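# Topology and contacts: notes
The lines below spell out each chain.
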Amino acid sequence: MKNPPNLSGQNMDGDGPPPAAPAPSVASVLGDDDLFREILLFLGFPNLLVRAALVSKRWLLHASDPVFLRRFRERNPPRLLGFYAGYPGRYQFVPLPQPRELVALSRRPASPCDGAFARGAERLIHCRNGRLLTAFRSRWRQLRGGRFKHYLLAPLLAGEAPTVLPPAPPPTHERAQARFTQMFLPEDGARDGITLVHLLMVSRKVYAEIYALGSGGWGVPGTAVIEVEHPHGTTFLEELLPPVHGKVFMVRTSGYILGLDLATSTFFTLELPVGVRRSYLLSCADDSGLYLVSAAGFQLSVWLNGMTGDGHGAAGWLLVDTFSIREGCTRFADQNQTLMPQDGDFLRVAAVGDNAEFVFLDYATYGVVLYVHLRSRVVEKVYEQAPYDHGNVHIGRIHISPFMMMWPPVFPALNRGHDKEQLSQHV
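The protein is annotated in an unreviewed UniProt entry as F-box protein AT5G49610-like beta-propeller domain-containing protein of Aegilops tauschii subsp. strangulata.

Time to look at the packing of aromatic side chains. For the coordinates displayed, the defined rule picks out 12 aromatic pairs. Their ring planes at 50 degrees and their centres at 4.8 Å tell us that Phe-36 and Trp-59 sit as a pair that is tilted. Of this pair, Phe-36 sits in helix α2 (residues 33-41) while Trp-59 sits in helix α4 (residues 57-63); the two residues are 23 residues apart in sequence, bridging distant segments of the chain. Residue Phe-36 is classed as buried on the basis of its relative accessible area, which comes to 1%. Residues Tyr-84 and Phe-403 carry aromatic rings whose centres are separated by 5.9 Å and whose planes lie at 80 degrees to one another, so their mutual orientation is edge-to-face. With Tyr-84 in strand β1 (residues 80-87) and Phe-403 in strand β23 (residues 399-404), this residue pair connects regions lying 319 residues apart in the sequence. One aromatic cluster is present, built from ring pairs that chain together Phe-83, Phe-358, Phe-360, Tyr-371 and Tyr-383. Over the aromatic face of Phe-42 sits the side chain of Arg-75, whose NZ or CZ is 4.2 Å from the ring centroid.

Read from one edge of the open sheet, four strands run β3-β4-β5-β6, paired in antiparallel fashion. Edge positions in the sheet fall to β3 (122-128) and β6 (163-164), since each of these pairs with one other strand and no more.

Conventions adopted
Residues numbered from 1 in each chain as written. Predicted model: local features only at pLDDT ≥ 70, side-chain atom pairs only at ≥ 80, totals over all residues. Heavy atoms only, no water. Phe/Tyr/Trp six-rings, centres within 6.5 Å; stacked < 30°, edge-to-face > 60°. Helix = DSSP H or I, 4+ residues; strand = E, 2+ residues; numbered from the N terminus. Buried < 20%, exposed > 50% of the residue type's maximum accessible area, 1.4 Å probe, protein only. Lys NZ or Arg CZ within 6 Å of the ring centre and 35° of its normal. Pairing = 2+ DSSP bridges.

Here's what the structure looks like:
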């Protein structure tokens, strides 16, 4: 008779299960470059990627490879760590809930608020890609009308001192009836590429002077001029928005957005979507596209312009989403108050994330800032202004600057060695 098949997992002598095949060694797994890169993708956060790069030169080369970093970003987009809220002389950093791997890192952006901002004369000019562009003027300089000094800060890079920028050149046109000046960080947040824009109104014309900061200073300005129509007795330009795909946009009081191409020093106009007049901001989309997020009462709308054709939006706007946040807002009202805004001014669009991922809304009536994740439509109250000491009056318009993780990560240089004390200064 044949023996029955062995289904028990024991050998036929009854001495226990057969010996397991030897497991592959850790070295053989990590020694496979393709497999090792797949493992790195699962780290999830750029700061952990930099920590992995401390292990060896080989790990650093893999972690900092541009092709790998593109894959890592697609899988793990940079996170919003929090936001700065306040007004000149009084800013505070408000961290948002983070996974435990980012809790310590999310506390670092508060350091400027504990230092320079606390002196009462600081301005937060622009915040982008984990860096801050600030301006400071001492009390003595304030009394004597002195200029601001501008600084570039990188709070996520522990131990990195603020960079002092060269003095900003003043506008050269002396006959301007109104002047608007703004300084912006480039997309990577670095020093080189900081842009200074002077807008000057002379009669019916708008002049622009554009400076780009390089290794040799501010250089020679580019100039542009456009003749525009504007209602008599009204403010022609309300706000200069940060650059999107190399273009600066100016919020006007009516009709259309005035754009300025920084590379070619030319003005152009961009029609607003139908029904949009106030309470909107722009956000960069993939490729060369442009998002516009607007608020009218409790209704949020998201528009997309491919900026195709002449590159100035001739293709027009497409409404990609619109929804009400009334239900979410009423949860934050006092029981005896009814949130019934009469127009879009009650909910001001204060800041928008890239690719219209999120929006911050300034609910000035109640001194509250709301955060809305536009994909999931989740509404959260993330900040409430402290009232004045005398009376329950809130401080008007609040400035919101979202603070994102740096991208790409700042890796240690190969020629600096690999001692952890030195390399721990990087994100």
